[in-house]
Amino acid sequence: MTTKTTKKYAALLRGINVGGAKKVPMAELREVLTGLGHAGVQTYLQSGNAVFTSTEKDTAAMARELERAIEAHFGFAVRCLVVDGPYLRAVAEACPFPAAELEGRQLHATFLSEQPTEERFASIDGPAYLPEEYRIGDRVVYLYAPDGLGRSKLGEALAKPAVFKGIDATTRNWNTVAKLVELTEGTP
C-alpha cells in the first residue's frame, strides 16, 4: 500500500476584490478549494491568498484547475499561481534587499509562472528610478519602493504588458510574503 505525501501550498489569485471588481469572498474561495479536494484550507486577507494541503505535486495543473473552478463558481476568469512552502521560504531567504530593516509596504515580490529572460527588462533604465530598485530571482521579481507601490514609478514600468507578456504575474507586499511563508511551513 502506498501513501500519498501531503504538502502545503499557497494559491495566489491575481486582481480580485480591487475597486469592487471580481468579488471573491474568502469563505467561498475556501469552499472552492475544499471542493477540489484540498485540505486545511485557510485564506489570508481579502486579496486572494489561500493556503492548503494537497497530495498533488503539479503546481501549474493545480493553478489551472483552480482557475476553472473559480470561473465556474463566480462567472469570471481569474489568473492563479500555486506555489509550495519550500519555494516561498526560498524566495524570502533569497531576498536581495534588507527585508528585516524595511517596512512591509516598501518591499514587494512579484511571483511569476515562469522564469523571465533578462531581455524582457532591457527597456527599463534601473538607475533612472533610484532610489527604487528591482532584482530578478527564481520566478520572482523583488521590488524595493521606499514610498510604497502606489507611488512607485519603477513599479509602473515593471507592470507594462511587454515585461511579463505571456507570463502570469501577481504581486504581494513583504508582510504578505512573510505571512504566507509562516502559514505554509511545518507539517501538513
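Quick summary incoming for the structure in this document. (Residues numbered from 1 in each chain as written. Predicted model: local features only at pLDDT ≥ 70, side-chain atom pairs only at ≥ 80, totals over all residues. Heavy atoms only, no water.)

1. Here we look at the nonpolar core
Across soluble globular proteins, nonpolar side chains have a tendency to be buried as a group.
Then, number 1: In terms of nonpolar packing, the biggest core is built from 22 residues, with Leu 12, Leu 88, Phe 97, Phe 111, Val 140, Tyr 142 and Trp 174 touching the most fellow members.
Then, number 2: At the level of secondary structure, the elements contributing two or more residues to this core comprise β1 (7–13), β4 (80–84), α3 (85–93), β5 (107–112), β7 (140–144) and α6 (174–184).
Then, number 3: With five residues, α6 is the largest single contributor of residues to this core.
Then, number 4: Setting aside residues up to four positions removed in sequence, Trp 174 forms contacts with Val 91, Ala 92, Cys 95, Ala 99, Gly 104, Leu 107, Ala 109 and Tyr 142.
Then, number 5: Membership of the second largest hydrophobic core comes to 21 residues, among which are Ile 16, Met 26, Val 41 and Phe 52. (Core = buried A, V, L, I, M, F, W, Y, C linked by side-chain atoms within 4.5 Å. Buried < 20%, exposed > 50% of the residue type's maximum accessible area, 1.4 Å probe, protein only. Helix = DSSP H or I, 4+ residues; strand = E, 2+ residues; numbered from the N terminus. Contact = heavy atoms within 4.5 Å.)

2. Digging into the sheet that holds strand β3 (residues 49–54)
Then, number 1: Spatial ordering of the open sheet is given by β2-β3-β1-β4, a layout of four strands whose pairing is antiparallel. Only two strands of the sheet have a single partner each, and these edge strands are β2 (39–44) and β4. Pairs of neighbouring strands in the sheet enclose a mean axial angle of 20 degrees, with direction left out of account.
Then, number 2: Note: β1 against β3, six bridges, orientation antiparallel. Considered in β3, the bridge of Lys 8 is made with Thr 53.
Then, number 3: Across the face of the sheet, helix α1 (residues 26–35) comes into contact with β1, β2 and β3 while running at roughly 155 degrees to β2.
Then, number 4: Sheet strands touched by α3: β1 and β4. Its angle to β4, the strand with the most contacts, is close to 85 degrees. (Pairing = 2+ DSSP bridges. Axes fitted to C-alpha atoms, helices over the stretch in contact; angles between N-to-C directions.)

3. With respect to α1
Then, number 1: Every buried residue of α1 is accounted for by Met 26, Leu 29, Val 32 and Leu 33. Along the axis of α1, the buried residues cluster in a sector spanning 110 degrees; they form a single face. The outward face of α1, more than 90 degrees from its buried face, is lined by the exposed residues Glu 31 and Gly 35.
Then, number 2: Of the surrounding elements, those touching the buried residues of α1 are β1, β2, β3 and α2 (59–74).
Then, number 3: The first or second residue beyond α1 is Gly 37, which carries a positive phi of 95 degrees. (Arc of directions from axis to C-beta.)

As far as function goes, none of this settles anything; it's purely spatial.
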